[in-house]
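Residues per chain, in single letters:
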Amino acid sequence: MEVNGTVADAEKLRTQFLQLLRTRRNAQVPLTVEPANPVLHPLYQEVPPPTFSEAMESCPKADIENLKELLKEENLYLHTEAGDQGKLPLLIVSMKESNTEKRPAVVFLHSTHKCKEWLRPLLEAYASRGYVTIAVDSRYHGERATGLTTYKDALVSSWKNGDTMPFIFDTVWDLIKLADYLTQREDIDPNKIGITGESLGGMHAWLAAFADTRYAVAAPIIGVQGFRWAIENDKWEARVNSIKAVFEEAANDLGKNKIDKEVVEKVWDRIAPGLASQFDAPNTVAAIAPRPLLIANGAKDDRCPIAGLEIPEIRARKAYEETHCSDKFKLMAQPEVGHQMTPLMVKEAIEWFDRFLK
């Protein structure tokens, strides 16, 4: 599907995407919020669990004495649909402010097998600079997981049954519902909500910004990629290996002794319909215009090959030029860096939000 890059085309594409999301939804429930307890032992679906991120710890903070004591933390559940996975866990960190001024907000999305608590260094750094910061557990992660294989099992189940979209799309639905909630909060400026994330979280941030224009500024990190390009150019292996179990299951079901491009295409069409066609980067990146968009990738990232972003970049630049805001689009490919969030990317992202949300 070719999208010409006009506002009308972007709106049509958004409508089609929302229609797709609704096809695999559980029963709708009123958007309700309930208090939750802090998570003392976060669940990571990797062994051993991660302990430290140099990139996140490097995030520039405001110079505030006793910062930890001045931070306010909220733990909540937002109900986005019926069923267990319709309960969205939120971790919200902000400064204890005496004034009632509405503040800009930024939503943060974690990478595969991690959880919202992993993002705490970023939440605290951004909060110190005047943002209300929100992290969520994506589907089948963190509080929405029961063990080390929850996410893997959900992907395989989606391939088998075709009733859920655990890879990216179901979490994007949650992020649309999250925008409903955040725009109603008394401490948040509804016109100044940003979104960012790392790896899987970068994919969530990219597609949520495409799907919901209430995300006013976006900075996906090592997430934006060309899924169709990867299939056509035999560059799909690194991405596939990050969630290999579902592709192995599919190959077996299709009577093949190894994963090939036909298997890859069939899996994407089943677990995330349209991800390698109309909702792929060439169309959805440009549809974020004219809102500010920073894409931060590594130049040697084999999961998000930079060559796969040539067409998305060309189309995005055209869309931003046509809306007279070329300065609001930036694609950064850090030299000699693979699939890794770096201190430079973290610094670029916070400067992007400071520039366009403050």
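Residues numbered from 1 in each chain as written. Predicted model: local features only at pLDDT ≥ 70, side-chain atom pairs only at ≥ 80, totals over all residues. Heavy atoms only, no water.

Participant: Before we move on, can you summarise the overall build of the protein with the specific residues and values?
Facilitator: Within the protein one finds 14 helices and 9 strands. Taking 358 residues into account, the globule formula puts the C-alpha radius of gyration at 21 Å, and the protein, at 19 Å, falls close to it. C-alpha atoms of the protein, sized along the principal axes, occupy 65 × 45 × 40 Å. Burial analysis of the protein (358 residues in total) assigns 57% to the buried set. (Helix = DSSP H or I, 4+ residues; strand = E, 2+ residues; numbered from the N terminus. Rg over C-alpha atoms; globule rule 2.2 N^0.38 Å. Buried < 20%, exposed > 50% of the residue type's maximum accessible area, 1.4 Å probe, protein only.)

Participant: Got a sec to walk through the confidence of the model for the protein? Specific residues and values, please.
Facilitator: Here the protein averages 97 in pLDDT, and 99% of its residues register 70 or above. By mean pLDDT, helix α1 (residues 7-23) is the weakest element of the protein at 95, and strand β7 (residues 217-221) is the strongest at 99. (pLDDT = per-residue confidence, 0-100.)

Participant: Describe the sheet that holds strand β9 (residues 329-334), listing the residues and the values that go with them.
Facilitator: Strands sit in the order β1-β2-β3-β5-β4-β6-β7-β8-β9 across an open sheet of 9 strands; the sheet is mixed. This sheet does not close on itself; its edge strands, each paired only once, are β1 (32-35) and β9. Shown here is a sheet whose adjacent strand axes are inclined to one another by a mean of 20 degrees, direction ignored. As paired elements, strand β4 (residues 103-109) and strand β5 (residues 132-136) share 5 bridges and run parallel to each other. Note that in β5 the partner of Phe108 across the bridge is Ala135. Across the sheet, helix α4 (residues 120-128) lies against β2 (71-79), β3 (87-95), β4 and β5, angled at about 40 degrees from β3, the strand it touches most. Packing against the sheet, helix α7 (residues 200-211) makes contact with β4, β6 (188-198) and β7, and its axis sits at approximately 145 degrees to β6. (Pairing = 2+ DSSP bridges. Axes fitted to C-alpha atoms, helices over the stretch in contact; angles between N-to-C directions. Contact = heavy atoms within 4.5 Å.)

Participant: So, the environment of Leu207: which residues are in play, and what are the values?
Facilitator: Note on placement: Leu207 falls in helix α7. Looking at Leu207, the relative accessible area reads 0%, which means it is buried. Along the sequence, Leu207 and Pro190 sit 17 residues apart, while their C-alpha atoms lie 19 Å from each other. Among residues more than four places away in sequence, those in contact with Leu207 are Phe17, Ile168, Phe169, Val172, Leu275, Phe279 and Thr284.

Participant: So what's going on with the packing of helix α5 (residues 150-161) against helix α10 (residues 244-253)? Residues and values would help.
Facilitator: Where α5 contacts α10, the axes come no closer than 8 Å and their chain directions differ by 30 degrees. One way to sum up the angle between α5 and α10 is to call them roughly parallel. Once α5 is placed against α10, the crossing between them reads as right-handed. Contacts between α5 and α10 involve Lys152, Leu155, Val156, Trp159 and Lys160 from the first element and Ala245, Val246, Glu249, Ala250 and Asp253 from the second. (Parallel < 35°, antiparallel > 145°, perpendicular 65-115°, else oblique. Left-handed = near helix turned anticlockwise from the far one by under 90°.)

Participant: So what's going on with the environment of Lys347? Residues and values would help.
Facilitator: Here Lys347 lies in helix α14 (residues 343-357). Residue classification places Lys347 among the partly exposed positions, given a relative accessible area of 39%. Put simply, Lys347 and Ala251 are 96 residues apart on the chain and 41 Å apart in space, counted from C-alpha to C-alpha.

Participant: Outline the pattern of salt bridges, listing residues and values.
Facilitator: Pairing between side chains of opposite charge can happen when their charged atoms approach one another. Applying the stated criterion across every chain, the model contains 31 salt bridges. Salt-bridge contacts for Lys256 lead to Glu262; the nearest nitrogen and oxygen are separated by 2.4 Å. Residue classification places Lys256 among the partly exposed positions, given a relative accessible area of 26%. In this structure Glu262 comes out as partly exposed when scored by relative accessible area, which is 36%. Beyond isolated ion pairs, a larger network of salt bridges with shared partners links Arg25, Glu81, Arg139, Arg144, Asp170 and Asp174. (Salt bridge = Lys/Arg side-chain N within 4 Å of Asp/Glu carboxyl O.)

Participant: Tell me about the side chain of Glu198, and name the residues and values.
Facilitator: Following the sequence through the fold, Glu198 ends up in strand β6. This buried residue, Glu198, is left without a salt bridge; Lys114 holds the nearest opposite charge, at 5.9 Å. (Lys, Arg positive; Asp, Glu negative; His and termini not counted.)

Participant: Would you mind going over unusual backbone geometry in detail, with residue names and values included?
Facilitator: Put simply, Val47 and Pro48 share a cis peptide bond, and its omega is -5 degrees. The omega torsion across Ala289 and Pro290 is 10 degrees, close enough to zero to call that bond cis. Relative to the helices and strands, Pro290 resides in the loop between α12 (281-284) and β8 (293-298). For Asn66, which is not glycine, the phi torsion reads 55 degrees and is therefore positive. Structurally, the position occupied by Asn66 is in the loop between α2 (54-57) and α3 (67-70). Asn66 gets classed as partly exposed once you look at its relative accessible area, which sits at 45%.

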